[in-house]
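Take a look at the letters that make up each chain.
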Amino acid sequence: MKVTLSALDTFESSFTPLVVIELVQDVKEETKEWLKNRIIAKKKDGGAQLLFRPLLNKYEKETLENQNLYLVGASRLRLLLGAEAVGLVKECNDNTMRAFTYGTRHNFKGFDDDNDDFLTMAECQFIIKHELENLRARDEKMIPGYPQAKLYPGKSLLRRLLTSGIIIQVFPLHDNEALKKLEDSWYTRFTLKYQPVDSIRGYFGETIALYFGFLEYFTFALIPMAVIGLPYYMFVWEDYDKYVIFASFNLIWSTVILEVWKRGCANMTYRWGTLVMKRQFEEPRPGFHGVLGINSVTGREEPLYPSYKRQLRIYLVSLPFVCLCLYFSLYVMMIYFDMEAWALELHEDSGSEWTSVLLYVPSIIYAIVIEIMNRLYRYAAEFLTSWENHRLESAYQNHLVLKVLVFNFLNCFASLFYIAFVLRDMKLLRQSLATLLITSQILNQIVESLLPYWLQRKHHVQVKRKVQALKADIDATLYEQVVLEKEMGTYLGTFDDYLELFLQFGYVSLFSCVYPLAAAFAVLNNFTEVNSDALKMCRVFKRPFSEPSASIGVWQLAFETMSVISVVTNCALIGMSPQVNALFPESKVDLILIVVAAEHALLALKFILAFAIADKPRHIQIKLARLEFESLEALKQQMALMMPFTHEIE
């Protein structure tokens, strides 16, 4: 028998809360009632058909603060039908991955009518978020009680409520029992072991699990570079042959690890179902605005914004601003070199131990300034990209990533390129690279994890004291959890985490033949980074909504681009080495031609390796091809069944 959404009850008095909605304190009663009715209304009436109740009852509201917190959940049947609606992919009993449908639910591995663990909590929260975001205006012209908050047919109500400031935030709740189990297997015991990536995916979703999977993979991939680099550094090898061997290994290593990662990523995402999950049609992002019109693709009414206006904003405002920031970064770099010259002159005049320590001070100050400039520029880049008014979130993210990567690359590496190819001071290059790498790693650990964790612990103690002082008869555990989590910082995504790894990859691959200890320091940092990032996700930030992902996205291209640049850099460094120059005492033109030829040959080898190593393992390719074949066959059968009805109508 086919089960429809109209059969669901949305008035269960007790349910497991999955998502919290916080409204602004002075929100109007009519707005609350309207929002509640739209959330619990049946799908056929334009509702989300979810379960909804306030955190506090009427008596508790008179006693406590935080009156505008509401809990959202869903019945098991509603979640299963929602899983079908969003296209979740699950493993079948025959070990294939297929899109889940309620009608064929018993064909899926692990499904049982009495088992509530078929969907992970992260998937349940993703379904609820999807349903809330798809609550759309019907005949309303405005949000009740707020005439300035205009609506039009098809507009996402949640996005309008967020942009109008009526809803402060929507966030998923932690499951304290599941979180404790995850922490015990993840980071509370400091041991060298593989991360529980599947458990991370079950709790936080695929996007975050992929980041931690990549972090672990990248850390282990750095170990060969560190092992080879340690004796190279300790014995001060200056022999030309060994210099070339290390640089060549660096180039092959940077290519192979990225190609092998693609294969490992395909294995993981196929197992999770996101590799074969159909991409949803992308809706306009919340901040997108324009003149109301008809979308030529969907036929729905929505804001339209001319692309030429966006291009004008990009090329006449954003591009000049980015160039100005790049110029300022270079100006700060030249100040740093003036400080280096001053410190060196002071040391040469004095020659004391104090002045020898002072030689490292300019690099440390410059490293701190670089981190500050990177963070300030990030805010400016976000503002500019938002002002450009991109319709889709993917377009917004791509433009933001491009702006941030260009600035960060120049800001972090310009001084190293200047030292290497203008000053040609290899001793200063080693010193600057070591100082920049170590200082940035220490600062990132403090700013991203330790400081927020300390602030969060202080707030946690205050909330506990406040809850313990309450006389009201309430569910203090749930109240404390919601109040504590709503004050946590919001995790803004994996952007900064990938950016940190990208810059680290640059330090290792661009100049590691000059400073081979770079890989060793990166490995040490990443072993602590795994634990500090895990702590940050579990105890510092609110739980983020799960987001299905099939890869690390644009960051794969960013890492591959960096590896191409590293080929050019390392070939140039080899060409500048005294041993190579000694082979061409007469003609520098011959030297340049040979270096360029070697660089082209290595690039060719790099692209041959990338082509030879398939992005997906053979067994995954076969499974994907089989799924595509079965889909086409099912479509043919459906068309064949429709043909007789078409002839009858004619």
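Residues numbered from 1 in each chain as written. Predicted model: local features only at pLDDT ≥ 70, side-chain atom pairs only at ≥ 80, totals over all residues. Heavy atoms only, no water.

- As recorded in an unreviewed UniProt entry, the chain goes by the name Anoctamin, listed as coming from Equus caballus.
- Quoted straight from UniProt, the Sequence similarities (unreviewed entry) entry for the chain says "Belongs to the anoctamin family."
- The heading Subcellular location (unreviewed entry) in the UniProt record of the chain holds the text "Membrane". (UniProt positions renumbered as here; feature names shortened; annotations may be inferred.)

1. Some words on the overall build of the chain
- Secondary structure assignment for the chain yields 21 helices and 10 strands.
- Scored against the burial criterion, the 650 residues of the chain give a buried share of 49%.
- For the chain, the share of sequence-separated contacts (at least 6 apart) that also reach a separation of at least 24 residues comes to 74%.
- With an accessible surface of roughly 32500 Å², the chain has 63% of that area assigned to carbon and sulfur atoms. (Helix = DSSP H or I, 4+ residues; strand = E, 2+ residues; numbered from the N terminus. Buried < 20%, exposed > 50% of the residue type's maximum accessible area, 1.4 Å probe, protein only. Contact = heavy atoms within 4.5 Å. Areas by Shrake-Rupley, 256 points an atom, 1.4 Å probe, with all protein chains shown as cover.)

2. Some words on the pattern of salt bridges
- All chains considered together, the criterion is met by 24 salt bridges.
- One salt bridge connects K43 with E131, and the closest N-O pair in it is separated by 2.9 Å. You can see K43 sitting in the loop between α1 (29–40) and β2 (51–54) and its partner E131 sitting in helix α4 (residues 121–133), a full 88 residues away along the chain.
- Accessibility expressed as a relative area gives 3% for E131, which makes it buried.
- The shortest N-O distance in the salt bridge between K536 and D497 comes to 2.9 Å. Taken together, the residues span a long stretch of sequence, with K536 in helix α17 (residues 518–540) and D497 in helix α16 (residues 495–511) at a distance of 39 residues. (Salt bridge = Lys/Arg side-chain N within 4 Å of Asp/Glu carboxyl O.)

3. Remarks on the nonpolar core
- Grouped together as the largest cluster of nonpolar side chains are 104 residues, with contacts concentrated most on W186, F204, W253, F502 and W555.
- Per-element accounting of this core gives the leading share, 13 residues, to helix α8 (residues 206–234).
- The next biggest cluster of nonpolar side chains, apart from the first, holds 54 residues, and it includes L23, F111, I143 and L161. (Core = buried A, V, L, I, M, F, W, Y, C linked by side-chain atoms within 4.5 Å.)

4. Comments concerning the UniProt feature "transmembrane region" (unreviewed entry) in the chain
- Here, the residues flagged by UniProt with the feature "transmembrane region" (unreviewed entry) are residues 208–231, 243–261, 314–337, 357–377, 400–421, 501–524 and 591–614.
- Strand forms 0% of residues 314–337 and helix 100%; the C-alpha atoms that close the span are 33 Å apart.

5. Details of helix α10 (residues 307–350)
- With 44 residues, α10 ought to run about 64 Å at 1.5 Å a step, and its terminal C-alpha atoms sit 63 Å apart, in line with that.
- At I314, α10 shows its largest kink, close to 30°. (Expected span 1.5 Å × (residues − 1). Bend = angle between axes of the 7 residues up to and from the residue.)

6. Concerning the side chain of K129
- Relative to the elements of secondary structure, K129 occurs in helix α4.
- Residues in contact with K129, not counting those within four places in the same chain, are F545 and E547.

7. Concerning unusual backbone geometry
- Its identity as a non-glycine residue notwithstanding, N95 has a phi of 70°, on the positive side.
- With respect to the element layout, N95 can be found in the loop between β4 (89–91) and β5 (97–99).
- Positioned with a positive phi, R424 is a non-glycine residue whose angle comes to about 55°.
- Checked against the element boundaries, R424 lands in the loop between α13 (393–423) and α14 (426–468).

8. Description of the sheet that holds strand β1 (residues 19–23)
- In spatial order, the strands read β2-β3-β1-β8; together these four strands make up an open sheet with antiparallel pairing. Bordering the open sheet on either side are β2 and β8 (167–172), each of which pairs with just one other strand. Adjacent strand axes in the sheet meet at a mean angle of 20° when their direction is disregarded.
- Bridge analysis of β1 against β8 gives five bridges, and the strand direction is antiparallel. Counted as the bridge partner of V20 is F171 from β8.
- Against the sheet, α4 touches β1, β3 (69–73) and β8, its axis set at about 40° to β1. (Pairing = 2+ DSSP bridges. Axes fitted to C-alpha atoms, helices over the stretch in contact; angles between N-to-C directions.)

9. Notes on the environment of F288
- Along the chain, the position of F288 falls in the loop between α9 (240–272) and β9 (291–294).
- Separated by 98 residues in sequence, F288 and S386 place their C-alpha atoms 8.3 Å apart.
- Filtering out sequence-adjacent residues up to four positions away, F288 remains in contact with P303, L304, Y305, R310, N389, H390 and R391.

10. A few points about empty space enclosed by the protein
- Summed over the entire model, instances satisfying the criterion amount to six cavities of 30 Å³ or more.
- Taken together, 15 residues line the second largest cavity, and the ones lying closest to its centre are L88, E123, R201, E206 and T274.
- Tallying contributions element by element places α4 first for the lining of the second largest cavity, with three residues.
- Classifying every residue of the lining of the second largest cavity gives seven nonpolar, five polar and three charged. (1 Å grid on protein atoms, 1.4 Å probe; cavity = no way out; pocket = protein on both sides within 12 Å on 5 of 7 lines; lining within 4 Å. Points joined across faces, edges and corners; volume = space filled by probe spheres on them. Nonpolar A, V, L, I, M, F, W, Y, C, P; charged D, E, K, R; others polar.)

11. Some thoughts on α4
- Taking 1.5 Å as the rise per residue, α4 with 13 residues should run 18 Å; its terminal C-alpha atoms sit 18 Å apart, in good agreement.
- Extensive coverage of α4 is indicated by the burial of 12 of its 13 residues.
- Among the residues making up α4, those that are buried are M121, A122, E123, C124, Q125, F126, I127, I128, K129, H130, E131 and L132.

12. A word on the packing of α4 against helix α7 (residues 197–204)
- It is at 5 Å that the axes of α4 and α7 come closest, and there the two elements cross at 30°. By the angle class used here, α4 and α7 are roughly parallel. In this structure, α4 contributes M121, A122 and E123 to the contact, and α7 contributes R201, G202, Y203 and F204.
- Per-class residue counts for the contact of α4 with α7 are four nonpolar, one polar and two charged. (Parallel < 35°, antiparallel > 145°, perpendicular 65-115°, else oblique.)

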